[in-house]
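Next come the chains, spelled out residue by residue.
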Amino acid sequence: MSDTHEHAAGDSVPELKQRIRELEGMLHACRLRLPNAPADAVRELAESEERFALAVRGTNDGIWDWDIRTNKVFFSPPWKSMIGYEDDELENVFATFETHVHPEDHERVMSILNDYLAGGIPRYSVEFRFRHKDDTWRWILARGRALFDDQGKPYRMAGSHTDVTERKQAEEELRQARRAADAANSAKSAFLANMSHEIRTPMNGVIGMSELLLGTDLGQTQREYLEMLKLSADSLLELLNDILDFSKIEAGRMELDAHEFDLSEVVTEISQAMGIRAFQKRLVFLHHISPDVPLRLIGDDGRLRQILVNLIGNAIKFTHKGGVTIEVSLEAETADRVTLHFKINDTGIGIAADMRESIFAAFTQAETSTSRRYGGTGLGLAICHDLVALMQGRIWVESQPGTGSVFHFTAAFGRATGTSLKSRKPRIKPVVTVHSSMKVLIVEDGHVSQLVGARMLEKRGHVVTLASNGREALERCGKETFDAILMDVHMPGINGYEATAKIRQTEQATGRHVPIIAMTANAMKGDREKCLASGMDDYIAKPLRSAELFHVVEQFAKRSATPEPALASPTSSAPTPPFDLAEFRESTGDEKLMLKLVGIFSEDSQKYLRKAEKALAAGKARPLYEAAHSLKGMLGVYAARQALEIVSKLCDDAHAGDLKDAQLMLDQLKKECALLGDALVVSFAPGI
């Protein structure tokens, strides 16, 4: 009988056992007091014994009563039948119990019994294996209580045996199932890691070669086809990343990387990046952070970006007119912790009531036709749901079909110490020339990956040497010095980890340290940590992207080799260009999209300028902030640094309600936008 069954029987069983003990006490007392009892007393005693026998047989437990002084034990018939014996087949002595206990359990059972009788533990309760007549083993739960004399010595102990074999078997089956599930998860993780490597390796060639080809002279049709190819490869990579993220979360292996970050920078950068899509669809795109929200936080800004990009991307995808707005407010706070409330509003197609909960499940979309009309796997919202849960928050949606949706989520962050925030400088990418190039060794056994990495770095002005395996890399390092090494992890013979260990061992004698960057198609949890623990300095996942590759390599450039370009000062005789053509081209990565953005610049910029002028004339700071903020996101897309500085200051002042210098800044902004519009037309005019 299992514990579950015993409890299911209600409270009668403990009362019955208590009654049995009382009857036993009465019988014992009667025998002592009535050695020559009259007939009525004998009859009463017999009735009591009969009641006791019925009570003993009425329970499924096996009852035992041990006279400690004589070692005689009463074993009830159910006690004996529980292990396959008739009542007269077993001797009623303590040795009968002891010899049936499993040898591996004997010492533990006797130790617990002796501890109880010595007063070391408050109750006797123990599970052990007990030998059945057919030589199988049954699991028994034994419980009992003892009686003590005036000197505190035990003289009698009674209790029960319960057969818990079925429960123990169920527990063992559960343990085996858990072990099988853990093994399956491990196998799945290994499979995903292998698939990640196998898929990313050819994708490195597809995406890398696409980037390289887009940087060459191409006809219009060739460029269009190549951009479609690169877009398809990027979509495939996005799908792969979603599947890997979902698998890591499902296996419980997703962890947050908490560090200090600036919330304003995160929201602004996302707004600028996603603004390209919004402007392409002619949508209004706004964001607002409530003034009471602390901007300096501790948390995983990378996963926060992932959630926001997914939700904003969906909002833009399903919105055809109107706009998208991001709002951040304070939900709750303590001295060292804050909970923020994020809202992503859109005026899109909306979601039916019966789908509002299920859309957060994996592989679910709001419409069965969505996969054909809009694309997607149905994993994005499931990943967002689980990431929000990791951030100790929740996610939900309010929506009506045809009127748009509001996605809400909350997330908890630590509050960073310190109150001052450094002003953010405009992003300027260092330009590496032939005179300040780096010597880079690429250790890679795949010819395509060799070619992609080498061509990207050579176009940037670096000098590249190739090695096809770890042994060849060690030979190269023995003959010449390098400013950085891109080291593939999985190679035949000496792999990347082993080659790194040998290089570091050699450096102990020379005192030199060459930066080694792991280059691998693996992208599972722990890969980066494993690379860094092996002595590598950084990590980059395939497929290689030029911007990421340049960043990770050039961070190790000598300071003298890559001087940071200075910003043109207001007194400089050379005029500051209205926009950075190279940065604009790189941020969009699509010639056709750039032409569209150039075409809509004048109309859209004038629309926001008119809104700003109207708000300022009415003395309303909030509408002025919204108009300036929209224009700020737009100018960030066009890499218009000078105009961006002005509109950023206008945004800050309007957000603070300070309008004293707003008119001057608005006038300057109009001039900069006019210059930018002319520069865009000239730069992208036919034949230029």
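Residues numbered from 1 in each chain as written. Predicted model: local features only at pLDDT ≥ 70, side-chain atom pairs only at ≥ 80, totals over all residues. Heavy atoms only, no water.

A. Examining the overall build of the protein chain more closely. Helices and strands together make up the secondary structure of the protein chain, namely 22 helices and 17 strands. The proportion of buried residues among the 688 residues of the protein chain is 44%. A total of about 36100 Å² of accessible surface is found on the protein chain, and carbon and sulfur atoms cover 53% of it. (Helix = DSSP H or I, 4+ residues; strand = E, 2+ residues; numbered from the N terminus. Buried < 20%, exposed > 50% of the residue type's maximum accessible area, 1.4 Å probe, protein only. Areas by Shrake-Rupley, 256 points an atom, 1.4 Å probe, with all protein chains shown as cover.)

B. Structural detail: helix α22 (residues 662-683). Given a rise of 1.5 Å per residue, 22 residues ought to cover 32 Å, and the 31 Å separating the end C-alpha atoms of α22 matches this to within 8%. Within α22 the residues assigned to the buried category are A662, M665, L666, L669, E672, C673, L676, G677, A679 and L680. Burial along α22 is one-sided: seen end-on, the buried residues are contained in an arc of 165°. What points out from α22, more than 90 degrees from its buried face, is the exposed set L664, K671, D678, V681 and V682. (Expected span 1.5 Å × (residues − 1). Arc of directions from axis to C-beta.)

C. Molecular detail of the sheet that holds strand β2 (residues 72-75). With antiparallel pairing, the 5 strands of this open sheet are ordered in space as β2-β1-β5-β4-β3. Because the sheet does not close on itself, it has two edges, and the strands there are β2 and β3 (124-131). The average undirected angle you get between the axes of adjacent strands in this sheet is 25°. Here 6 bridges tie strand β1 (residues 62-67) to strand β5 (residues 154-163), and the two strands are oriented antiparallel to one another. Following the sheet pairing, W64 is matched in β5 by G159. Along the sheet, helix α6 (residues 103-117) makes contact with β1, β3, β4 (137-148) and β5, crossing β3 at roughly 155°. (Pairing = 2+ DSSP bridges. Axes fitted to C-alpha atoms, helices over the stretch in contact; angles between N-to-C directions. Contact = heavy atoms within 4.5 Å.)

D. Quick peek at the nonpolar core. Judged by nonpolar contacts, the single largest core of 43 residues is most densely connected at L263, L304 and F409. When contributions to this core are tallied by element, the ones reaching two or more residues are α9 (263-280), β7 (284-289), α10 (301-317), β9 (323-333), β10 (337-346), α12 (380-390), β11 (395-400) and β12 (404-415). In terms of residue count, α10 provides more of this core than any other element does, 7 residues in total. L609, Y625, M634 and L676 belong to the second-largest nonpolar core, a separate cluster that totals 41 residues. (Core = buried A, V, L, I, M, F, W, Y, C linked by side-chain atoms within 4.5 Å.)

E. Quick look at the sheet that holds strand β15 (residues 484-488). The strand order across the open sheet formed by 5 strands is β14-β13-β15-β16-β17, and the pairing between neighbours is parallel. Of all the strands in the sheet, just β14 (463-467) and β17 (538-541) have a single pairing partner and so form its edges. On average, each strand axis in the sheet is tilted by 20° relative to the strand beside it, whichever way the strands run. As judged from the 5 bridges shared by strand β13 (residues 439-443) and β14, these two strands associate in the parallel manner. Within β14, the residue paired with V443 across the bridge is A467. With respect to the sheet, helix α17 (residues 546-554) is in contact with β13, β15, β16 (516-520) and β17, its orientation differing from that of β17 by roughly 170°.

F. Structural view of the packing of helix α20 (residues 621-637) against helix α21 (residues 641-656). Remark: α20 packs on α21, axes separated minimally by 8 Å, with the N-to-C direction vectors making an angle of 155°. Taken together, the axes of α20 and α21 are roughly antiparallel relative to one another. Classified by chirality, the crossing of α21 by α20 is left-handed. Taken together, the residues of α21 that come into contact with α20 (itself represented by A621, L624, Y625, A628, H629, L631, K632, L635 and G636) are A643, L644, V647, S648, L650, C651, A654 and H655. Looking at the contact of α20 with α21, its residues break down into 12 nonpolar, 4 polar and 1 charged. (Parallel < 35°, antiparallel > 145°, perpendicular 65-115°, else oblique. Left-handed = near helix turned anticlockwise from the far one by under 90°. Nonpolar A, V, L, I, M, F, W, Y, C, P; charged D, E, K, R; others polar.)

G. Quick peek at the pattern of salt bridges. Within the structure shown, the criterion is met by 28 salt bridges. The partner of E104 in a salt bridge is R129, and the shortest N-O contact between them spans 3.3 Å. Separated by 25 residues along the polypeptide, E104 in helix α6 and R129 in strand β3 bring together distant segments of the chain. Across the salt bridge formed by D653 and K649, the nearest N and O atoms sit 2.7 Å from each other. (Salt bridge = Lys/Arg side-chain N within 4 Å of Asp/Glu carboxyl O.)

H. Inspection of unusual backbone geometry at higher detail. For R282, which is not glycine, the phi torsion reads 60° and is therefore positive. Relative to the helices and strands, R282 is located in the loop between α9 and β7. Take R282: its relative accessible area is 39%, and that puts it in the partly exposed class. Even without glycine at this site, Q392 takes up a positive phi of about 60°. Following the sequence through the fold, Q392 ends up in the loop between α12 and β11.

I. Structural context of the side chain of T162. Looking at where T162 falls in the secondary structure, it is placed in strand β5. Classification of T162 as buried rests on a relative accessible area of 0%. A polar atom in the side chain of T162 sits 3.2 Å from the side chain of D61. (Polar contact = N/O pair within 3.5 Å; in protein donor to acceptor, adjacent residues only side chain to side chain.)

J. Local environment of the environment of C531. Looking at where C531 falls in the secondary structure, it is placed in helix α16 (residues 527-533). For C531, a relative accessible area of 1% translates into the label buried. Excluding its chain neighbours within four sequence positions, the residues that come into contact with C531 are V489, Y497, A518, M536 and Y539.

Fair warning: the whole summary comes from geometry, so function is off the table for now.
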